[in-house]
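Here is what each chain is made of, one letter per residue.
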Amino acid sequence: GPMMMGGGGGGGPGGLAGSLKGWLQERIYLEMDVESAPYYNLVEKVKGPGVSYIRYVEAESNCRVFINGRGVMLKNAPGADDALNIHVRAPNEACMAEGVRLVRSLIETVRADYLRHKEEYHRFLAASSGPAHPHHPQQFQQPHPYPQHMQHAP
């Protein structure tokens, strides 16, 4: 029969921490940072439209996937100063292997786009002189401003 883990009052998931007790975990670093391409919304690109990329990885691998580190977490949260990373929690080795494979594939897809953007941005900086805050060309406009805690001090 089905294995019931703890009592959930009708099988609803318990608290997150409780439900992931004993799950494997792995961190995969993006090796990309928000500062190098400030007008590229890196975290949003990784999450996908409506968090769809993360949801897809979770659905395909039965893992839980969290994005952590600088630019995602509130300033004083533990791990807020870490380099951007994806934290994968999995119930077993098979799920972990699939989750990690999908996350790496997602990161590589984003990386190609990020590097192209970063190169354009730095080319633009090199070409622009004059005022400290030139008008940024259209492709560097951010469609959705960062939430308050993600904005860098001027």
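So, a few notes on the structure that sits alongside this text.

1. Some thoughts on the state of the cysteines
Move 1: Counted under the stated rule, the structure contains 0 disulfides.
Move 2: Between Cys95, a cysteine without a disulfide, and Cys63, which holds the nearest cysteine sulfur, the sulfur-to-sulfur distance is 5.6 Å.

2. A closer look at helix α3 (residues 52–61)
Since there are 3.6 residues in each turn of an α-helix, residues three or four apart along the chain are aligned in direction.
Move 1: Taken together, the buried positions of α3 are occupied by Ile54, Val57, Glu58 and Ser61. For α3, the buried positions fall inside an angular range of 95° around the axis, keeping them on one side.
Move 2: The secondary structure elements touched by the buried residues of α3 are α2 (42–47), β2 (64–68) and α4 (93–127).
Move 3: Looking one or two residues past α3, Asn62 carries a phi angle of roughly 60°, positive in sign.

3. Digging into the sheet that holds strand β1 (residues 24–29)
Move 1: In spatial order, the strands read β1-β3-β2; together these 3 strands make up an open sheet with antiparallel pairing. Of all strands in the sheet, those with a lone pairing partner are β1 and β2, marking the two edges. Adjacent strand axes in the sheet meet at a mean angle of 20° when their direction is disregarded.
Move 2: Against the sheet, α4 engages β1, β2 and β3 (85–90), with an angle of about 15° to β1.

Basis of the calculations
Residues numbered from 1 in each chain as written. Predicted model: local features only at pLDDT ≥ 70, side-chain atom pairs only at ≥ 80, totals over all residues. Heavy atoms only, no water. Disulfide = S-S within 2.5 Å. Buried < 20%, exposed > 50% of the residue type's maximum accessible area, 1.4 Å probe, protein only. Helix = DSSP H or I, 4+ residues; strand = E, 2+ residues; numbered from the N terminus. Arc of directions from axis to C-beta. Contact = heavy atoms within 4.5 Å. Pairing = 2+ DSSP bridges. Axes fitted to C-alpha atoms, helices over the stretch in contact; angles between N-to-C directions.

Without other data, these values stay purely geometric and don't point to any function.
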